[in-house]
Amino acid sequence: MAVYTRLGAEALSAIVAEFDIGALVSAKGIAEGVSNSNWLIEARKPGRDATRYILTMYESRVETGDLPFFLGLLDHLAARGCPVPRTIHDRENRAFRHHDGKALALIEFLPGVSVDEPTPAQARAVGAALAQVHIAAAGFGHERANSMGLAAWQGLLSACGADGLRAIHPELAGIVERELAVLAARWPRDLPRGVIHADLFPDNVLMLGDAVTGLIDFYFACTDITAYDIAVTHAAWCFSNDGTRFRADLSHALLTGYEAVRPISGPEREALPLLARGAAMRFLATRAYDWLNTPADALVTPKDPMAFARRLEFYADPCNSELFRKAD
Ligand SMILES: Nc1ncnc2c1ncn2[C@@H]1O[C@H](COP(=O)(O)OP(=O)(O)OP(=O)(O)O)[C@@H](O)[C@H]1O
Ligand SMILES: N[C@@H](CCO)C(=O)O
């Protein structure tokens, strides 16, 4: 269970008292998520119904210096009608505060559940919501470099070493060497850039039926190639979990939904096959590193790097190069 910090009832009540949300009614640790500690809390003002919130305590993977960017972005997008949670500021109008040396923030609770097996209608809605974020983020005015770009993939994979990669799968070192060389030589430099989510997996999208009710977990958000975010979302949504089965129906729906809100330009479309190889490499790199470096007794089970090696092979196959061509 990913609640790394224990907070007793007194501590939780004291934290809640720093916000103008009434008194604490209930608090429950949330098992999902691996980066931070999260609680679902309820608070009530006198004579009102209880309201739900998410309390997040940032653990070592999130830099406190990045919080003004992440939390400011949520407020910017929410104010422009995007389905993202607002932050609740404390009585001194601060978006985050500290407790026992760790940063914490209170975030609006949004209804919905994460889907395991998306339908085309759901993929379409996610594509549209992603495009809405790309447009709304344009006026945000703050920048954050992508800490998970090409240099980070190279660093993580070289830390794994060829022997480590071969221990995961006999062919993995060869795939990584070949693909990193292609990505380093051909990574686009002149495509439109903006703020991107960079990790829009199904577990970071809350849905009710076919509607997106929440995009969450913006803790990899950064300034990078806008179309790279389409590629990340494509890699995350359009395959079976193990990466063995490509879902053309979800791919078509995701891209169509996106284009209903923000057109994909000719150069962006041309670059998508390569950007998708990069997206697959990004998650292959972090998963391979975690696979080799997570202690056996850790609270979290590492995710399968081969699921993204298979996606990478799919995107690199010239037979699939038509995949991102405009349909219809
Ligand atoms: N604003 C919200 N409204 C409703 N539920 C939320 C909200 N934010 C988070 N959750 C719930 O908490 C869970 C964990 O949140 P989140 O994915 O942000 O955690 P994390 O540890 O930062 O994630 P990750 O490990 O994916 O980086 C989500 O799966 C969701 O169930
Ligand atoms: N969404 C990522 C984990 C967080 O970056 C993955 O599935 O590997």
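Once a new chain begins, its residue numbering starts again from 1 and follows that chain's sequence as written. Chains and ligands are labelled sequentially in the order written, the chains with letters from A and the ligands with numbers from 1. For a predicted model such as this one, the threshold for reporting local features is a pLDDT of at least 70, and the threshold for listing and counting side-chain atom pairs is 80 or more; totals across whole chains, interfaces and linings nevertheless cover every residue. Values reported for side chains reflect all heavy atoms of the structure, with hydrogen atoms and water molecules removed beforehand.

Participant: Any chance you could explain the side chain of Glu 179 here in plain terms?
Facilitator: Relative to the helices and strands, Glu 179 resides in helix α5 (residues 172-186). When checking whether two residues touch, look at their non-hydrogen atoms; a contact exists if any pair is within 4.5 Å. Glu 179 has contacts with Arg 277, Met 281, Leu 312 and Ala 316, leaving out every residue within four places of it along the chain. Helix numbering and strand numbering both begin at the N terminus, where a helix is a DSSP run of H or I of at least 4 residues and a strand a DSSP run of E of at least 2.

Participant: Where do I start with the site of ligand 2 in this structure?
Facilitator: Surrounding ligand 2, one finds Asp 199, Phe 201, Phe 220, Arg 282, Phe 283, Arg 287 and Lys 303. Polar contacts, as counted here, are pairs of nitrogen or oxygen atoms within 3.5 Å of one another; within protein the pair requires one atom able to donate a hydrogen and one able to accept it, and residues that are adjacent in sequence qualify only if both atoms are side-chain atoms. At 2.8 Å from a nitrogen atom of ligand 2 is found a side-chain nitrogen or oxygen belonging to Asp 199. Between Arg 287 and ligand 2, the recorded distance is 2.7 Å, taken from a side-chain N or O atom to an oxygen atom. Contact with the protein chains hides 85% of the accessible area of ligand 2, taken as 260 Å² for the molecule alone. In this classification, the charged set is Asp, Glu, Lys and Arg, the nonpolar set is Ala, Val, Leu, Ile, Met, Phe, Trp, Tyr, Cys and Pro, and all remaining amino acids, among them Gly, are polar. Taken together, the residues that form the shell around ligand 2 break down as 3 nonpolar, no polar and 4 charged. Think of it this way: one heavy atom of a residue within 4 Å of a molecule or strand is enough to make that residue near it. Using a 1.4 Å probe, accessible areas were evaluated by the Shrake-Rupley method; residue-level cover was limited to the displayed protein chains.

Participant: Looking at this structure, I do not really get the confidence of the model for the chain. What am I missing?
Facilitator: Reading fine detail from the predicted coordinates is not recommended where pLDDT is low. Predicted confidence across the chain gives a mean pLDDT of 95, with 98% of residues reaching 70 or more. Scored as a whole, the predicted complex attains pTM 0.96, and scored at its interfaces, ipTM 0.95. The predictor reports its confidence for every residue as pLDDT, a score running from 0 up to 100.

Participant: Would you explain the layout of surface pockets in this entry?
Facilitator: Over the atoms a probe the size of a water molecule is rolled, and this reveals where empty space is left. A 1.4 Å probe that fits into a set of points on a 1 Å grid over the protein atoms alone but cannot get out defines a cavity; an open set with protein on both sides within 12 Å along at least five of seven lines defines a pocket, and lining residues are those with an atom within 4 Å of a point. Grid points are joined across faces, edges and corners, and a volume is the space filled by probe spheres set on the points. Of the voids in this model, the second largest pocket is the one considered here, and its volume is about 570 Å³. In terms of lining residues, the second largest pocket is bounded by 22 residues, among which Val 115, Asp 116, Phe 201, Pro 202 and Asn 241 are the most central. Elements with a contribution of two residues or more to the lining of the second largest pocket: α6 (226-237) and α9 (306-316). Grouping the amino acids of the lining of the second largest pocket by side-chain chemistry returns 10 nonpolar, 3 polar and 9 charged.

Participant: Would you explain the nonpolar core in this entry?
Facilitator: Here is a general trend for soluble globular proteins: nonpolar side chains tend to be buried in one another's company. Remark: nonpolar core denotes a set of buried residues (Ala, Val, Leu, Ile, Met, Phe, Trp, Tyr, Cys) joined through side-chain atoms within 4.5 Å. Exposure classes here rest on a 1.4 Å probe applied to the protein chains alone. A residue is buried below 20% of its type maximum, exposed above 50%, and partly exposed in between. One finds Trp 153 and Leu 275 to be the most contacted residues of the largest nonpolar core, which totals 97 residues. Broken down by element, the residue count for this core peaks at 12 residues, all from helix α8 (residues 266-293). Viewed by domain, this core spans two of them, domain 1 (9-108) and domain 2 (120-324), each represented by three or more residues. Setting aside residues up to four positions removed in sequence, Leu 275 forms contacts with Trp 187, Pro 188, Leu 191, Ile 225, Ala 227, Tyr 228 and Ala 231. Each domain's extent is set by a domain assignment, obtained either automatically or from a database.

Participant: Before we go on, may I ask you to explain the site of ligand 1 in this structure?
Facilitator: Taken together, 17 residues are adjacent to ligand 1, and Val 34, Ser 35, Glu 108, Leu 110 and Asp 217 come closest. Asn 38 has a polar side-chain atom sitting 3.2 Å from an oxygen atom of ligand 1. One of the backbone nitrogen or oxygen atoms of Glu 108 is found 2.9 Å away from a nitrogen atom of ligand 1. Burial of ligand 1 by the protein amounts to 88% of the accessible area it has alone, namely 620 Å². Of the residues in the shell around ligand 1, the class split is 9 nonpolar, 5 polar and 3 charged. Two domains each donate at least three residues to the shell around ligand 1, and these are domain 1 (9-108) and domain 2 (120-324).

Participant: Help me understand empty space enclosed by the protein in this model?
Facilitator: A full pass over the atoms with the stated rule returns 1 cavity of 30 Å³ or more. Roughly 30 Å³ of internal volume is contained in the largest cavity. Around the largest cavity, the lining residues are Asn 146, Met 148, Ala 198, Phe 220, Tyr 228 and Arg 282. Across the lining of the largest cavity, the residue classes break down as 4 nonpolar, 1 polar and 1 charged.

Participant: So what exactly am I meant to see when it comes to the UniProt feature "domain: Aminoglycoside phosphotransferase" (unreviewed entry) in the chain here?
Facilitator: Following the UniProt record, the feature "domain: Aminoglycoside phosphotransferase" (unreviewed entry) maps to residues 27-263 here. The annotated region residues 27-263 carries 37% helix and 20% strand content, and the separation between its end C-alpha atoms amounts to 43 Å. UniProt positions are given in the numbering used here, feature names are shortened, and annotations may be inferred rather than shown by experiment.

Participant: Is there a simple way to explain helix α1 (residues 9-17) in this structure?
Facilitator: It helps to recall that an α-helix has 3.6 residues per turn; residues three or four apart then point in one direction. For α1, every residue scored as buried is listed here: Leu 12, Ile 15 and Val 16. Down the axis of α1, the smallest arc covering the buried residues is 95 degrees, so these residues share one side. Contacts made by the buried residues of α1 are with β1 (23-29), β2 (37-44), β3 (51-57), β5 (97-99) and β6 (102-108). Starting at the helix axis, one direction is taken to each C-beta atom, and the arc is that of these directions.

Participant: Just checking my understanding: could you explain the packing of α8 against α9 for this structure?
Facilitator: Angle between the axes and distance between the axes: these two values describe a pair of packed helices. Each axis is a line fitted through C-alpha atoms, and for a helix only the stretch in contact is used; angles between axes span 0 to 180 degrees, taken between their N-to-C directions. α9 packs onto α8 with a crossing angle of 165 degrees between their chain directions and a minimal axis gap of 8 Å. Between α8 and α9, the angle is such that the two are roughly antiparallel. In the packing of α8 onto α9, the handedness of the crossing is left-handed. Residues Pro 273, Ala 276, Arg 277, Ala 280, Met 281, Phe 283, Leu 284 and Arg 287 of α8 touch α9, and the partners they reach there are Ala 307, Phe 308, Ala 309, Arg 311, Leu 312, Tyr 315 and Ala 316. Classifying every residue of the contact of α8 with α9 by side-chain character gives 12 nonpolar, no polar and 3 charged. Angle categories are assigned with fixed cut-offs, so that under 35 degrees is roughly parallel, over 145 is roughly antiparallel, 65 to 115 is roughly perpendicular, and the rest are oblique. We call a crossing left-handed when the near helix sits turned anticlockwise from the far one by less than a right angle, and right-handed when that turn is clockwise.

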